[in-house]
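Observations on the three-dimensional arrangement
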Amino acid sequence: MRLESLKSCKQQEALVMFFDENQKALSPWPDPVVKDYLKIPLSQDFKGRFKESLLLYLPGHPVAKRLLLVGLGKLSDLSLQKVRVAGGQAAMQLSQRSVSAPSSFLVPRIGKFKVEEIVEALTIGCRVAQLNYNEWKSQGDGDKKANSKLLELGFVSAESSRSSKAAQSIERGKIIADGVNFGRRLIAMSPRQLNPIELARQAAEVARKSPSKSKIKAQIWTEKELKKNAYGGILCVAQGSDNPPRFVQLEYRNAAASKKPVILVGKGVTFDSGGLSLKPPSGQETMKYDMAGAGSVLAAFKIATDLKLKINLVCLIPCVENMPSGKAQRPGDVVTMANGLSVEVLNTDAEGRLILADALSHASKHYKPAAIVDVATLTGACALAVGDSAAGIFGNSPRLLKELQKAAEISGENVWPLPDFDDFFVELLTSEVADLRNIGKRREGGASTAALFLERFVNKDHPWVHLDIAGCGWYDSPRDMVSVRGPSGVPIRLLVEFLELYA
Ligand code: BES
Ligand code: MN
Ligand code: ZN
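So, here is what we can say about the structure in this document. (Residues numbered from 1 in each chain as written. Chains lettered and ligands numbered in written order. Predicted model: local features only at pLDDT ≥ 70, side-chain atom pairs only at ≥ 80, totals over all residues. Heavy atoms only, no water.)

**Concerning the coordination of the manganese ion (ligand 2)**
- Listed as protein donors to the manganese ion (ligand 2) are D272 (OD), D349 (O), D349 (OD) and E351 (OE); their distances from the metal cover 2.0 to 2.2 Å.
- Coordination at the manganese ion (ligand 2) comes from 6 donor atoms whose angles at the metal span 72 to 170 degrees, giving a geometry best classed as irregular.
- Donor residues binding the manganese ion (ligand 2) come from one chain and are separated in sequence as D-x76-D-x1-E.
- Here the manganese ion (ligand 2) and the zinc ion (ligand 3) are spaced 3.1 Å apart, linked through D272, which binds each one.
- You can call E351 buried: its relative accessible area is 0%. (Donors = N, O, S within 2.8 Å, 3.2 Å for Na, K, Ca; no water. Tetrahedral: all angles 85-135°; square planar, octahedral: opposite > 155°, others 65-115°. Buried < 20%, exposed > 50% of the residue type's maximum accessible area, 1.4 Å probe, protein only.)

Structural data, given as structure tokens:
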């Protein structure tokens, strides 16, 4: 894929043109006939506002059969996230009508962004927007395989001078988008199919199929190793399920051995029924996405290794299913965790922090990390507080928090800090019969108690951040680049931007 010149542009099924809010064309147009035609004010049908679009048919025209006008709105408010969304919107409009290739974006000229940035953003939006889950539907409406019929839009630009740089950005955009879609698809998989064994197998496959394969070491612990190492947090959650747990450890080394690794930890609960502290049916409906943290860190790992980033990266994923049964843990059980701390399990539905505790202990025990970032659909309280607009963010290092905030800004995937006052929350986790309890003594501030619980399992000298994605990990209806209800893919791109800061 590369940047085409205006002159070579002909016989397109569709061309996508961008406008600002004053109906001013930002894209160049190859043919003077249409150029004149577009000078006519477009009246009420199309203003050029952000998220606005209009499809025109150009019967018999030599350059293109269709012209899709897409609004970018006010240029002073324009961000790369909006460009991604606009690219997604264009792809949705065209793919819904089964428009085929060759179709192209007419690359808009926007003063504050480089051509490379724009084509990357459009590529990401275009591909992410086209993911659906029709592959799991029975025959009926044609295309079934995920991404098999992805409409690839080309790029046509007035400036050809920097086209090699732009071509690189397009490749980069593809790798990122395909990684995001890989993660979203994994998260959308039925929990009948994606159990802990399958999740671990998917992780091993990422390592095995990677172009950086020779630099990746994959280790998957089964119950045997978990028992031998007394990883009580993972084992106590898993014990209620007929599906055994796994603990995935991926190591990617592509920087000097002296360079400290970044460690990503993802909550991998393939289904959360709540265990004996059973959730009501409505609460269980979407709990296949309780492995969205795992899906996100695995997708970020895939993208980082596909992009061959010059970093040392570790990915840790505890995989369990949380079920009630005669073998399930009971409220009141006291469990010894991987780092030796004892925990009074008062609510079996607060299972995420139990498995993450072991993974975080593992990270602090076996590595000298530059940073540990955990990602988890941890608390309904966080979803209530911030909705699906942002991930709740907590951490022990102002510097690392800033780095993640920076990555959030670049990616357009938001984070929002929530309270972490020791004075308020530590007391709420004290137990009479163990080192700590797994739920706060009060419901209020539930996202904060969960985060402070996790902090107890991280070495104080290790910079650590916790992202609670209970709200932003799932979209109840189509939004931004996401054209279908389900996994949002947040915060995969945020993690990739963060890793690039280290590369
Ligand atoms: N996986 C849930 C959190 C969740 C809820 C994610 C809704 C997404 C949407 C987590 O394991 C859980 O059940 N947390 C409990 C904790 C409580 C028992 C302290 C919760 O939030 O209710
Ligand atoms: Mn739970
Ligand atoms: Zn959960």
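Anyway, onward from the coordinates.
**Observations concerning the nonpolar core**
- By size, the foremost hydrophobic cluster in this structure holds 67 residues, and its most contacted members are L264, L313, I317, V373, L467, F498 and L499.
- In terms of residue count, the dominant contributor to this core is helix α9 (residues 292-306) (9 residues).
- If sequence neighbours within four positions are ignored, L467 has contacts with V373, D374, V375, A376, A391, G392, I393, V415, P491 and L494.
- In terms of nonpolar packing, the next biggest core, distinct from the first, is built from 42 residues, I263, V269, L316 and L429 among them. (Core = buried A, V, L, I, M, F, W, Y, C linked by side-chain atoms within 4.5 Å. Helix = DSSP H or I, 4+ residues; strand = E, 2+ residues; numbered from the N terminus. Contact = heavy atoms within 4.5 Å.)

**Some words on the coordination of the zinc ion (ligand 3)**
- Looking at the metal site, the zinc ion (ligand 3) is ligated by K267 (NZ), D272 (OD), D290 (OD) and E351 (OE), spaced 2.0 to 2.4 Å from it.
- Each of the 6 donor atoms around the zinc ion (ligand 3) contributes to a set of angles spanning 78 to 176 degrees, which defines the coordination as octahedral.
- D272 gets classed as buried once you look at its relative accessible area, which sits at 3%.

**Some words on the packing of aromatic side chains**
- This model, assessed by the stated rule, comprises 13 aromatic pairs.
- Here the aromatic rings of F18 and F105 are separated by 6.0 Å at their centres, their planes lie at 25 degrees, and the arrangement is stacked. Taken together, the residues F18 in strand β2 (residues 12-19) and F105 in strand β5 (residues 103-106) connect sequence positions 87 residues apart. Residue F18 shares its accessibility class with F105, and that shared class is buried. (Phe/Tyr/Trp six-rings, centres within 6.5 Å; stacked < 30°, edge-to-face > 60°.)

**Here's the deal with the state of the cysteines**
- A full pass over the atoms with the stated rule returns 0 disulfides.
- Of the cysteine sulfurs around C382, a residue in no disulfide, the closest is that of C472, at 7.3 Å.
- Assessed through its relative accessible area of 1%, C472 is described here as buried. (Disulfide = S-S within 2.5 Å.)

**Observations regarding the pattern of salt bridges**
- Under the counting rule described, the total for this entry stands at 28 salt bridges.
- Between E13 and R66 there is a salt bridge, with the nearest N and O atoms lying 3.3 Å from each other. Here the residue E13 occupies a position in strand β2, and R66 occupies one in strand β4 (residues 64-71), the gap between them amounting to 53 residues. When sorted by exposure, E13 lands in the same class as R66, which is buried.
- Note that D272 and K279 form a salt bridge whose closest N and O atoms lie 3.8 Å from each other. Neither D272 nor K279 differs from the other in exposure class; each is buried. (Salt bridge = Lys/Arg side-chain N within 4 Å of Asp/Glu carboxyl O.)

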